[in-house]
Amino acid sequence: SQHAVVCTDEWSAYPNAVGKREHITFRSSKGSNFQQLHWHIFNLKNWIRGIHHKISADHLQRYLDEYYFRFNRRNYSGSNPEIMIKAMLNHAWMPYKKAIAA
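Source: prediction; values computed, not measured. (Residues numbered from 1 in each chain as written. Predicted model: local features only at pLDDT ≥ 70, side-chain atom pairs only at ≥ 80, totals over all residues. Heavy atoms only, no water.)

## Regarding the overall build of the protein chain
For the protein chain, the count of helices and strands is five helices and two strands. When the elements of the protein chain are put in sequence order from the N terminus, they spell out β-α-β-α-α-α-α. Computed over C-alpha atoms, the radius of gyration of the protein chain comes to 17 Å, more than 25% over the 13 Å expected from 2.2 N^0.38 for 102 residues, which places it beyond the range of a compact globule. With respect to the principal axes defined by its C-alpha atoms, the protein chain has extents near 45 × 30 × 25 Å. Residues classed as buried in the protein chain amount to 10% of the 102 residues present. If you take every contact in the protein chain between residues at least 6 apart in sequence, the share linking residues at least 24 apart comes to 21%. (Helix = DSSP H or I, 4+ residues; strand = E, 2+ residues; numbered from the N terminus. Rg over C-alpha atoms; globule rule 2.2 N^0.38 Å. Buried < 20%, exposed > 50% of the residue type's maximum accessible area, 1.4 Å probe, protein only. Contact = heavy atoms within 4.5 Å.)

Set out below in structure tokens:
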């Protein structure tokens, strides 16, 4: 999203990557924070391989939205069906052909 705030360390390649989005930089602690980043990427890749096996670039943002929806609610599994039903009721119906970009 163009309204996203991107937080990174001070690596020189990031300003080109974030474009016109708001960009906040933090001084790196000699890579000590990278372990958490690598674990997060590792978990995302394993989720894709395990659930979807492969993904389409056309729907990448939707896959990421689903992953982060699940990730952010991982400790509240008892309420997930309720949250999902409310989300479905608050969005317009989408025909299957549009969902698969046919």
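## Quick notes on the side chain of threonine 8
Tracing the backbone shows threonine 8 in strand S1 (residues 5-8). Polar contacts involving the side chain of threonine 8 include one to the side chain of histidine 23, which spans 2.6 Å. Ignoring anything within four residues of it in the chain, the contact list for threonine 8 reads Tyr14, His23, Ile24, Thr25 and Phe26. (Polar contact = N/O pair within 3.5 Å; in protein donor to acceptor, adjacent residues only side chain to side chain.)

## Here we look at the environment of leucine 64
Positionally, leucine 64 belongs in helix H3 (residues 60-72). Classification of leucine 64 as partly exposed rests on a relative accessible area of 21%. With 20 residues separating them in the primary sequence, leucine 64 and leucine 44 have C-alpha atoms 8.6 Å apart.

## Overview of helix H2 (residues 34-52)
Taking 1.5 Å of rise per residue, the 19 residues of H2 would be expected to cover 27 Å, and the 26 Å separating its terminal C-alpha atoms lies within 8% of that figure. Where the residues of H2 are buried, they touch H3. Downstream of H2 by a residue or two, histidine 53 has a phi angle that is positive, lying close to 70°. (Expected span 1.5 Å × (residues − 1).)

## Examining the pattern of salt bridges
Tallied over the entire structure, the rule returns two salt bridges. Arginine 27 is paired through a salt bridge with glutamate 10; the nearest N and O atoms lie 3.7 Å apart. Note that arginine 27 is positioned in the loop between strand S2 (22-25) and H2 and glutamate 10 in the loop between S1 and helix H1 (14-18), a separation of 17 residues in sequence. Looking at arginine 27, the relative accessible area reads 68%, which means it is exposed. Overall, the relative accessible area of 46% leaves glutamate 10 in the partly exposed class. Where arginine 70 meets glutamate 66, a salt bridge forms, and the shortest distance between an N and an O atom there is 3.0 Å. Here arginine 70 and its partner glutamate 66 are both found in helix H3, four residues apart, which amounts to about one turn of the helix. Residue glutamate 66 is classed as partly exposed on the basis of its relative accessible area of 26%. (Salt bridge = Lys/Arg side-chain N within 4 Å of Asp/Glu carboxyl O.)

## Overview of the packing of H2 against H3
At their nearest, the axes of H2 and H3 sit 11 Å apart, and the two run at 110° to each other. With respect to each other, H2 and H3 are oriented roughly perpendicular. Like other packed secondary-structure pairs, H2 and H3 cross with a definite hand, here right-handed. Here H2 contributes His40, Asn43, Leu44, Trp47 and His52 to the contact with H3, which in turn contributes Tyr63, Leu64, Glu66, Tyr67, Tyr68, Arg70 and Phe71. For the contact of H2 with H3, the per-class residue count stands at seven nonpolar, three polar and two charged. (Axes fitted to C-alpha atoms, helices over the stretch in contact; angles between N-to-C directions. Parallel < 35°, antiparallel > 145°, perpendicular 65-115°, else oblique. Left-handed = near helix turned anticlockwise from the far one by under 90°. Nonpolar A, V, L, I, M, F, W, Y, C, P; charged D, E, K, R; others polar.)

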